[in-house]
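A closer look at the structure
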Amino acid sequence: MSLSHHDSLPNRFRHRMRAAVEETIVAYDMLQTGDSVLVGVSGGADSVALLHLLVAASRTLPIRLGVVHLDHSLRHAESDRDAEFVA
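Residues numbered from 1 in each chain as written. Predicted model: local features only at pLDDT ≥ 70, side-chain atom pairs only at ≥ 80, totals over all residues. Heavy atoms only, no water.

Considerations on the overall build of the protein chain
The helix and strand tally for the protein chain stands at 3 helices and 2 strands. Each helix and strand of the protein chain, placed in order from N terminus to C terminus, yields the pattern α-β-α-β-α. Residues counted as buried form 21% of the 87 residues belonging to the protein chain. A separation of at least 24 residues holds for 62% of the contacts in the protein chain among residues at least 6 apart in sequence. When the accessible surface of the protein chain is totalled, it reaches about 6500 Å², and 59% of it is carbon and sulfur. (Helix = DSSP H or I, 4+ residues; strand = E, 2+ residues; numbered from the N terminus. Buried < 20%, exposed > 50% of the residue type's maximum accessible area, 1.4 Å probe, protein only. Contact = heavy atoms within 4.5 Å. Areas by Shrake-Rupley, 256 points an atom, 1.4 Å probe, with all protein chains shown as cover.)

Put into structure tokens, the structure is as follows:
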């Protein structure tokens, strides 16, 4: 597999994921023009991916995004790193 082929796989996947998220939002009438969406981001891969997908969707869907992170400090230094990453 060439490097260029390898590099294009993630791009195709990201494009399909963005399209699927936007199509789902529209198909289920989940958001209306001007809606505000508050995204809870822990710093983990899943919530960061969700944030990236919603940022991309906000370029074509007229919504406003906000980000919130709640640090319970249950994991001490690891919690601190997550809070810094999200900020």
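Some words on the pattern of salt bridges
All told, the structure shown has 2 salt bridges when counted by the stated rule. In this structure, the salt-bridge partner of Glu-78 is Arg-75, at a minimum N-O distance of 2.8 Å. For Glu-78, a relative accessible area of 39% puts it in the partly exposed group. Here Arg-75 falls in the partly exposed class, since its relative accessible area comes to 41%. (Salt bridge = Lys/Arg side-chain N within 4 Å of Asp/Glu carboxyl O.)

Some details on the nonpolar core
The biggest cluster of nonpolar side chains holds 11 residues, and these are Ile-25, Val-37, Val-39, Val-41, Val-48, Leu-51, Leu-54, Ala-57, Leu-61, Ile-63 and Val-86. The set of elements that each furnish at least two residues to this core consists of β1 (36–40) and α2 (45–57). Excluding residues within four positions of it along the chain, Ile-25 makes contact with Met-30, Leu-31, Leu-54 and Leu-61. (Core = buried A, V, L, I, M, F, W, Y, C linked by side-chain atoms within 4.5 Å.)

Focus on the side chain of Ser-47
Examined against the element boundaries, Ser-47 turns out to sit in helix α2. In this structure the side chain of Ser-47 is engaged in a polar contact, spanning 3.0 Å, whose partner is the backbone nitrogen of Ser-42. In this structure, Ser-47 is in contact with Gly-40, Val-41 and Ser-42, ignoring residues within four places of it in sequence. (Polar contact = N/O pair within 3.5 Å; in protein donor to acceptor, adjacent residues only side chain to side chain.)

Thoughts on α2
For α2, spanning 13 residues, the distance from its first C-alpha to its last is 18 Å, which sits close to the expected 18 Å at 1.5 Å a residue. Along α2, the residues that are buried comprise Ser-47, Val-48, Leu-51, Leu-53, Leu-54, Ala-56 and Ala-57. (Expected span 1.5 Å × (residues − 1).)

Points about the environment of Thr-60
The residue Thr-60 is located in the loop between α2 and β2 (64–68) in this model. Taking relative accessible area as the criterion, Thr-60 reaches 55% and is therefore assigned exposed. Residues Thr-60 and Glu-22, spaced 38 residues apart in sequence, show a C-alpha to C-alpha distance of 8.6 Å. For Thr-60, the side chain forms a polar contact with the side chain of Glu-22, separated by 3.0 Å.

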